Amino acid sequence: MVAPAGPGPAAPAVRLVLVEDNAQLAASIAEGLLDDGYVVDVIGTAAGGIERGLRRDLDLMILDLGLPDRDGTEVLRELRAAAVHVPVLVLTARDAVDSRVAALDAGADDYLVKPFAFAELVARIGALTRRASGPRWVTTTELPLVMRDDLVVEAGDKTVALSPREYALLACLVRRRGEVVTRSEILREAFGYDFDPGTNVIDVHLTHLRKKLVGFPVAIETVRGAGIRLVVSA
Ligand code: CA
């Protein structure tokens, strides 16, 4: 295995799939990532992306939304419905806020709007793959909540399945329970970003998490101008 840069020679290769029908763009991205030590497969159709994702052996999928056979959001929906939790970074030429939110709603972890700087793509891939392999253990001894390592949260006889991002967000709040956690702390601790991607990605995941925790004995409170915190609500 040759990995001169990026993950480093001792790290196992990170397996990426790029689902992109623009052959020229796909080739230039794949070439850059290969130079950074990643193993990259390029797939040109939504059907191919779904088939590849269902094999469950990927570390990351980079997914274009405008594909020739089906929309990229349908790839996401199918994979998430089949409980494939691979981190997905969406590439979209559409600058409408709606399509980005639709992609996040369908289960994307993050998105980049074309055209983007290659360095930014690499930074986001690094953040998503670090987070995915990070420790998931979290103690909930003082909370009426059990966070299972299969991403299911239990409280009494209630259970809910979270996405990896929602789970990481909740785990971050649980570790810091009662304290106000700032936006940059959430980005760093739950999302693996050491920079602010300047998107609404936290807010979208937070909205989903809050909806899923309705009826649970905890709530996520917004502290205006400061951040968010986990409170016991019953
Ligand atoms: Ca396209």
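Only a predicted model underlies this, so the values are computations on that prediction, with no experimental measurement involved. (Residues numbered from 1 in each chain as written. Predicted model: local features only at pLDDT ≥ 70, side-chain atom pairs only at ≥ 80, totals over all residues. Heavy atoms only, no water.)

### Regarding helix α2 (residues 46-53)
One turn of an α-helix holds 3.6 residues; hence residues three or four places apart share an orientation. The buried fraction of α2 is high, at six of eight residues. Check the buried side of α2 and you find it contacts β1 (15-19), β2 (39-43), β3 (60-64) and α3 (72-81). Capping the start of α2, Thr-45 holds a side-chain oxygen 3.0 Å from the backbone nitrogen of Gly-48, two or three residues further along. (Buried < 20%, exposed > 50% of the residue type's maximum accessible area, 1.4 Å probe, protein only. Helix = DSSP H or I, 4+ residues; strand = E, 2+ residues; numbered from the N terminus. Contact = heavy atoms within 4.5 Å. Polar contact = N/O pair within 3.5 Å; in protein donor to acceptor, adjacent residues only side chain to side chain.)

### Brief notes about the coordination of the calcium ion
When a metal holds four donors in a tetrahedron, each ideal angle between them is 109.5 degrees; when it holds six in an octahedron, the ideal angles are 90 or 180 degrees. Of the protein atoms, only Asp-21 (OD), Asp-64 (OD) and Gly-66 (O) coordinate the calcium ion, at distances of 2.2 to 2.4 Å. For the calcium ion, the single-chain donor residues occur in sequence as D-x42-D-x1-G. Of this pair, Asp-21 sits in the loop between β1 and α1 (23-35) while Gly-66 sits in the loop between β3 and α3; the two residues are 45 residues apart in sequence, bridging distant segments of the chain. What makes Asp-21 partly exposed here is its relative accessible area of 37%. (Donors = N, O, S within 2.8 Å, 3.2 Å for Na, K, Ca; no water.)

### Some thoughts on the layout of surface pockets
Looking at the largest pocket, its volume works out to about 280 Å³. Around the largest pocket, the lining comprises 18 residues; the ones closest to its centre are Arg-80, Gly-107, Ser-163, Glu-166 and Lys-212. Where the lining of the largest pocket is concerned, the elements lending two or more residues are α4 (97-105), α6 (164-175) and α8 (201-212). Here the residues of the lining of the largest pocket are counted per class, giving seven nonpolar, five polar and six charged. A domain split of the lining of the largest pocket shows at least three residues from each of domain 1 (15-133) and domain 2 (146-232). (1 Å grid on protein atoms, 1.4 Å probe; cavity = no way out; pocket = protein on both sides within 12 Å on 5 of 7 lines; lining within 4 Å. Points joined across faces, edges and corners; volume = space filled by probe spheres on them. Nonpolar A, V, L, I, M, F, W, Y, C, P; charged D, E, K, R; others polar. Domains from an automatic or database assignment.)

### Topic: the sheet that holds strand β7 (residues 152-155)
Taken in spatial order, the three strands line up as β6-β7-β8 in an open sheet, and their pairing is antiparallel. Lying at the two open borders of the sheet, with one neighbouring strand each, are β6 (146-147) and β8 (158-161). As paired strands, β7 and β8 are joined by four bridges and run antiparallel to one another. Bridge pairing in β8 places Val-153 opposite Val-160. (Pairing = 2+ DSSP bridges.)

### Concerning α8
The end-to-end C-alpha distance of α8, which contains twelve residues, comes to 17 Å, matching closely the 16 Å that a straight helix rising 1.5 Å per residue would cover. For α8, the full list of buried residues reads Val-201, Ile-202, Val-204, His-205, Leu-206, His-208 and Leu-209. For α8, the secondary structure elements touched by its buried residues are α4, β5 (110-113), α6, α7 (183-191), β9 (218-223) and β10 (227-232). (Expected span 1.5 Å × (residues − 1).)

### Quick word on the confidence of the model for the protein chain
Mean pLDDT over the protein chain stands at 85; residues scoring 70 or higher make up 88%. Considering each helix and strand of the protein chain separately, the mean pLDDT is smallest for helix α5 (residues 118-133), with a value of 81, and largest for α2, with 97. Every residue in residues 1-10 is under pLDDT 50, and counting partners more than four places away or in other chains gives 15 contacts. (pLDDT = per-residue confidence, 0-100.)

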